[in-house]
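Architecture at a glance
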Amino acid sequence: MRKQEVHTGREAGQGHGAGSPAEQVKALVDLLAGKGSQGSQTLQPPDRTPESLLRPHGNADLRIQRHREALLNRMGGSPELGSPSSRLTSLLLVEDLMDLQLREHDFTQVEATRGGWCSDRTIALDRLFLPLSRVSIPPRISITIGVAGVGKTTLVRNFVYLWARGQMGKDFSLVLPLTFRDLNTHEKLSADRLVRSVFPHAGETGLASATLTKVLLVLDGLDECKMPLDFSNTMACRDPKKEIQVDHLITNIIRGNLFPGVSVWVTSRPSAAGQIPGGLVDRMTEIRGFNEEEIKMCLGQMFPEDQVLSGWVLSQMQADRPLYLMCAVPAFCQLVGSVLGHLHRNRPGLQDAELWPPRTLCELYSWYFRMALSREGQEKGKVSPRIEQLAHGCRKMVGTLGRLAFHGLVRKKYVFYEPDLKVFGVDLALLQTAPCSCFLQREETLASSAAYYFTHLSLQEFVAAAYYYSASKRAIFDLFTEGGMSWPQLGFLTHFRSAAQRAMQAEDGRLDVFLRFLSGLLSPRVNALLAGSLLTQGEHQGYRTQVAELLKGCLRPNTVVCARAINVLHCLRELQHTELAHSVEEAMASGGLAGLTSPQHRAALAYLLQVSDVCTQEANLPLYLSQGDLQSLLPQLLYCQSLRLDTNQFQDPMMELLGSVLSGKDCRIQRISLAENQISNKGAKALARSLLVNRSLTTLDLRSNSIGPQGAKALADALKINRTLASLCLQSNRIRDDGARSMAEALAANRTLSVLHLQKNSIGPVGTQQMADALKQNRSLKELMFSSNSIGDGGAKALAETLKVNQGLKSLDLQSNSISDLGVAALMEALCTNQMLLSLNLRENSISPEGAQDLARALRTNSTLKSLDLTANLLHDQGAQAIAVAVRENCALTSLQRSPFFLEPLGPSGLCPGPRNHVCVSAQPAVELYPGRRCQGPGTSTTAQHEPDQP
């Protein structure tokens, strides 16, 4: 996106005002002529209340009043208007389109990202066209993207409705809402006619007569534009009265050749939004889909009087993860809810009892098809007719609507007009029937003509697949050529192969879901569902095995598993041929995946990474992957939130590949574990380079590798810039004092890292001193694991000085560090003043009874430490008794761990007698301590078996 200019004279966010009427008219004539600009207008209009905005103020305001009333009449009284959900009033701010959004089908986008949206930055709808800061100007070109069915048109309608009522967008004197469904009705159009088509009250002088200076032009549904926008080859036009092609007109408006002072808001599906060069876009936002709570709320609104039904529908959705992922799209969620609700209210007969609930996408839409058919009888007040009675009308509907849907899909055409219907032989009377209205919607355009569109893109794809399925029985030429020349093609299998090849070759994935439906129509369950209405009983069932092999043959040994290959696995699932996916899933569970390295197995693994419940929270692939496996899966690993790749013998070249993934703008990996591989400093440097640009990774585990001091320095340098990584584990990497010095330099600058594990790294007093000095400044680090080094008393004293001033550290692990009484005395002196530390691990050091006396004195004074581990120290009776007395006086300590092997049996004055019974005293070896672990009650312990030095 282009960088916006900076205000030079006035505070950001101020609007543009009006002087004398003559000056206003002149300014608007200049605006239409292309002479005006936002930056040159400096006057501020008076702030008006909603009531005053609806009240006429002179001739111009009277026209605006009429325009507002006309918009309210167009909107009607839909209950969805006026109170948009929080999902629509808080949009995601995004910097650019991801490659996934530019190249893949909407369903693929939702599946690959697990229905999640990555941006943490949001902007309120009422601030959508305002500056983001005091030194920037309002955006001229704003784009809002969202997958089909997410609510783009609903968002626009709500904004326009609220503006017309004076409740939103008060900075705009005039809002001109247009849809590409309206614009498609024109072959040529001038800018002046464009304005008057939506603002007929402007009069003969057009927009200038309205005496306005701030206008918003809304262009809803760029993906429905009948001609693609070509910014490279469109001639410039600056004459607002010149008639040019509609796509050329839109291009010139976006470029600023026409209406340079008018704000433009475009909504689009992501793939179509890529037509607009990023350099012309000032602000890009995205509408997120439903989260789990909003899915539940949506069902509650669909079934407000039956919460039991709502809960049952939700449980059925959640039982099928691939379908539940897609319920993040509101339109899909409502479709699934309506089908399942219909099934619950109209229990299937005995012959259909085994066919519900739907398990696949095609089964779901087949039930929707049957639900649509049943409405014909209900609408006439009759008993729902038998499916067989509707067979003729049903096949006629699919034959006409399906041909329209199929050829529209091939041409990327999603809106149709009466001439299109005539070309494809669609009977207009048929569109008035109840079943047809469940698929195709009618909308009046501003040109008083009707536009038709499928209720959702997926319904167009389902009907198109049903048409292709039926037409392939009698077609002798390729159905994709639309009557053009092609070699004769006979038989269903030949036509299916043609469809599969076209889908695999489509770079934008627009035929992916079509191929899923086409495969699903061969499923025995779908055949049973639609037998007698749309399909013939047992039709093409002999082809199932051949089609499955044909689909598997599409999985070629490419270097990477692409989205088309994963779609093949979805097709096999629709076909109810899931043996391949099940075999890989079983191998994952048993640890036998290493032997499954064919292209088919890799594609199945990538598919499971998206849809498997096991991989939802973490893709756990230790001991499984070769270098070739990982390389082929890299595009799919981009969207895993948590990735565990331990013990795969990965070396530095693999870190170069993985670094390229982490550097990608699409990357959503939040946690990655690469423990126990063969990564040296070169691999660490590759990962460090990715951390310079990565904005998603929060946890990196490099435990038990060999990155050394140089690798630690590279990572430390990256941490000086990175602002997202919160946890880093470098245990057992031989970074020594030099590496500790580098990490200390990073801690002095970094403000986001909160967990650092440096155990088993041969760090001595020198490195510890440097870390301690850095922690005197750093306040973000909460947990430092420093066990099994060689810091000795000198390092302990350095850390003690830090604890006197540090205001952030809550957990400090100094296990096995050769700390004697001198070091303990320094640490305990610091504890007398430190009010932040909650957990201290001094396990396996050299603390004698003398050191125990210092511990006891500190425990009497300290009021914040909650967990203390003294296991495997030489406390003896004297030290134990001193600590026991101090524990009875301490009011904060909740967990004290010690070992019985270094204590003689205690008498009545032993370690844990008396009224101080809220302290957990464990004689068992304890796992490393983390803040937040608490005792559950007297005599219990939250500790578990000790696994030394594991993060």
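These notes cover the structure that comes with them. (Residues numbered from 1 in each chain as written. Predicted model: local features only at pLDDT ≥ 70, side-chain atom pairs only at ≥ 80, totals over all residues. Heavy atoms only, no water.)

1. Concerning the overall build of the chain
Scanning the chain for helices and strands turns up 38 helices and 24 strands. For the chain, buried positions account for 57% of its 951 residues. Across the chain, the fraction of contacts at a sequence separation of at least 24, relative to all contacts at a separation of at least 6, is 78%. Entry remark: accessible area of the chain is about 38500 Å², with carbon and sulfur atoms responsible for 51%. (Helix = DSSP H or I, 4+ residues; strand = E, 2+ residues; numbered from the N terminus. Buried < 20%, exposed > 50% of the residue type's maximum accessible area, 1.4 Å probe, protein only. Contact = heavy atoms within 4.5 Å. Areas by Shrake-Rupley, 256 points an atom, 1.4 Å probe, with all protein chains shown as cover.)

2. Re the sheet that holds strand E1 (residues 90–94)
Sheet architecture is open: seven strands sit in the order E2-E1-E9-E3-E8-E6-E4, paired in mixed fashion. In this open sheet, the two edge strands, each paired with only one partner strand, are strand E2 (122–124) and strand E4 (174–179). This sheet shows a mean twist of 25° between the axes of neighbouring strands, independent of strand direction. Pairing geometry for E1 and E2, over three bridges, is antiparallel. Its bridge partner being in E2, Leu92 is matched across the sheet by Thr122. Against the sheet, helix H9 (residues 191–198) engages E4 and strand E6 (215–220), with an angle of about 95° to E4. (Pairing = 2+ DSSP bridges. Axes fitted to C-alpha atoms, helices over the stretch in contact; angles between N-to-C directions.)

3. Things to note about the pattern of salt bridges
One pass over the full model with this rule turns up 38 salt bridges. For Arg502, the salt bridge goes to Asp478, with nearest N and O atoms at 3.0 Å. Of the two residues, Arg502 is situated in helix H21 (residues 492–505) and Asp478 in the loop between helix H20 (457–471) and H21; the sequence distance between them amounts to 24 residues. Asp478 sits in the buried class, given a relative accessible area of 8%. As a salt-bridge pair, Glu676 and Arg703 come within 3.8 Å of each other at their nearest N and O atoms. Of this pair, Glu676 sits in the loop between strand E15 (671–673) and helix H31 (681–691) while Arg703 sits in the loop between strand E16 (699–701) and helix H32 (708–719), and the two are 27 residues apart along the sequence. Relative accessible area serves as the criterion here: at 8%, Arg703 is assigned to the buried category. Connected through salt bridges with shared partners, the residues Asp96, Asp99, Arg103 and Lys665 form a single ionic network. (Salt bridge = Lys/Arg side-chain N within 4 Å of Asp/Glu carboxyl O.)

4. Some thoughts on the sheet that holds strand E12 (residues 450–454)
With respect to topology, three strands assemble into an open sheet ordered E10-E12-E11, the strand pairing being antiparallel. Two strands lie at the open edges of the sheet, namely strand E10 (415–417) and strand E11 (440–444), each paired on one side alone. Across this sheet, the average inter-strand angle for adjacent strands is 35°, counted without regard to direction. In terms of strand pairing, E11 meets E12 through five bridges, oriented antiparallel.

5. Notes on the pairing of E1
Within a regular strand, side chains alternate between the sheet's two faces. Among the five residues of E1, four are classified as buried, and the element is accordingly described as predominantly covered. Examined bridge by bridge, E1 and strand E9 (residues 283–286) share three bridges and lie antiparallel to one another. If you follow Leu92 over to E9, its bridge partner there is Glu286.

6. Quick word on the packing of helix H37 (residues 849–861) against helix H38 (residues 876–889)
Interhelical geometry of H37 versus H38 gives an angle of 0° and a closest axis separation of 8 Å. With respect to each other, H37 and H38 are oriented roughly parallel. Here Pro849, Ala852, Gln853, Leu855, Ala856, Leu859 and Arg860 of H37 lie close against H38, whose contacting residues are His876, Gln878, Gly879, Ala882, Ile883, Val885, Ala886, Val887 and Glu889. Looking at the contact of H37 with H38, its residues break down into 10 nonpolar, four polar and two charged. (Parallel < 35°, antiparallel > 145°, perpendicular 65-115°, else oblique. Nonpolar A, V, L, I, M, F, W, Y, C, P; charged D, E, K, R; others polar.)

7. Here's the deal with unusual backbone geometry
A positive phi angle is found at Phe259, which is not glycine, with a value near 55°. The topology assignment puts Phe259 in the loop between helix H10 (246–255) and strand E8 (263–268). In this model, Ser788 sits at a positive phi of 55°, which is unusual for a non-glycine residue. The residue Ser788 is located in the loop between strand E19 (783–785) and helix H35 (792–803) in this model.

8. Let's talk about the pairing of E6
With six of its six residues buried, E6 lies for the most part within the structure. With burial as the criterion, each face of E6 is covered, one bearing Val215, Leu217 and Leu219 and the other bearing Leu216, Val218 and Asp220. One ladder, built from six bridges, connects E4 with E6; its direction is parallel. Following the sheet pairing, Thr179 is matched in E6 by Asp220. Relative to E8, E6 is paired through five bridges, and the arrangement is parallel.

9. Notes on the nonpolar core
Soluble, globular proteins show a tendency: their nonpolar side chains are buried together. Phe332, Phe439 and Phe514 are the most contacted members of the largest nonpolar core, which totals 287 residues. A total of 11 residues in this core trace back to one element, the largest contributor, which is H20. The contact partners of Phe332, leaving out residues within four places of it in the chain, are Phe107, Leu323, Met326, Cys327, Leu361, Leu364 and Tyr365. (Core = buried A, V, L, I, M, F, W, Y, C linked by side-chain atoms within 4.5 Å.)

10. Brief notes about helix H26 (residues 579–590)
The first and last C-alpha atoms of H26 sit 16 Å apart over 12 residues, in line with the 16 Å expected at 1.5 Å per residue. Among all positions of H26, only Leu580, Ala581, Val584, Ala587 and Met588 are buried. Buried residues of H26 fall within an arc of 125° about the axis and therefore sit on the same side. Projecting away from the buried face of H26 at angles above 90 degrees are the exposed residues Glu586, Ala589 and Ser590. In the segment just after H26, Gly591 is the residue with positive phi, at about 80°. (Expected span 1.5 Å × (residues − 1). Arc of directions from axis to C-beta.)

11. Quick notes on the side chain of Asn806
Here Asn806 lies in the loop between H35 and strand E20 (811–813). Polar side-chain contacts of Asn806 include one of 2.7 Å to the backbone oxygen of Leu775. The contacts of Asn806, once residues within four sequence positions are left out, are Leu775, Asn778, Asn834 and Met836. (Polar contact = N/O pair within 3.5 Å; in protein donor to acceptor, adjacent residues only side chain to side chain.)

12. Details of the environment of Val281
Relative to the elements of secondary structure, Val281 occurs in the loop between helix H11 (270–273) and E9. Considering only alpha carbons, one finds Val281 and Arg140, 141 residues apart in sequence, at a separation of 8.0 Å.

13. Things to note about the packing of helix H22 (residues 512–520) against helix H25 (residues 563–574)
The geometry of H22 relative to H25 is characterised by a closest axis approach of 8 Å and an angle of 25° between their N-to-C directions. Judged on the interaxial angle alone, H25 and H22 are roughly parallel. The handedness of the crossing between H22 and H25 comes out as right-handed. Residue-level contacts link Asp512, Leu515, Arg516, Ser519 and Gly520 of H22 to Arg564, Asn567, His570, Cys571 and Glu574 of H25. (Left-handed = near helix turned anticlockwise from the far one by under 90°.)

14. A closer look at helix H30 (residues 652–663)
Compared with the 16 Å implied by 1.5 Å per residue over 12 residues, the 16 Å span of H30 between its first and last C-alpha is a close match. Its buried side turned inward, H30 meets helix H29 (627–637), E15 and H31.

15. Looking at the packing of aromatic side chains
Evaluated as defined, the whole model comprises 23 aromatic pairs. A centroid spacing of 5.9 Å and a plane angle of 40° characterise the contact between Tyr365 and Phe462, whose relative ring orientation is tilted. Here Tyr365, found in helix H16 (residues 361–379), pairs with Phe462, found in helix H20; they are 97 residues apart in sequence, far enough to count as distant. Judged by its relative accessible area of 1%, Phe462 is buried. One aromatic cluster in this structure is built from Phe107, Phe332, Tyr365, Tyr368, Phe369, Phe439, Phe462 and Phe517. Positioned over the ring face of Phe172 is Lys214, at 5.5 Å from the centre of the ring. (Phe/Tyr/Trp six-rings, centres within 6.5 Å; stacked < 30°, edge-to-face > 60°. Lys NZ or Arg CZ within 6 Å of the ring centre and 35° of its normal.)

16. Comments concerning empty space enclosed by the protein
Inspection of the entire model under this criterion finds eight cavities of 30 Å³ or more. Within this model, the largest cavity holds a volume of roughly 90 Å³. Residues of the lining of the largest cavity, tallied by class, amount to four nonpolar, one polar and four charged. (1 Å grid on protein atoms, 1.4 Å probe; cavity = no way out; pocket = protein on both sides within 12 Å on 5 of 7 lines; lining within 4 Å. Points joined across faces, edges and corners; volume = space filled by probe spheres on them.)

17. Some details on the side chain of Asp869
Positionally, Asp869 belongs in strand E22 (residues 867–869). Within polar-contact distance, the side chain of Asp869 engages the side chain of Thr871 at 2.7 Å.

18. Some details on the state of the cysteines
Under the criterion given, the structure shown has zero disulfides. Of the cysteine sulfurs around Cys436, a residue in no disulfide, the closest is that of Cys438, at 9.0 Å. (Disulfide = S-S within 2.5 Å.)

19. Remarks on the environment of Glu829
Following the sequence through the fold, Glu829 ends up in helix H36 (residues 821–831). With 29 residues separating them in the primary sequence, Glu829 and Ala858 have C-alpha atoms 6.8 Å apart.

Nothing here speaks to function; it is all geometry.
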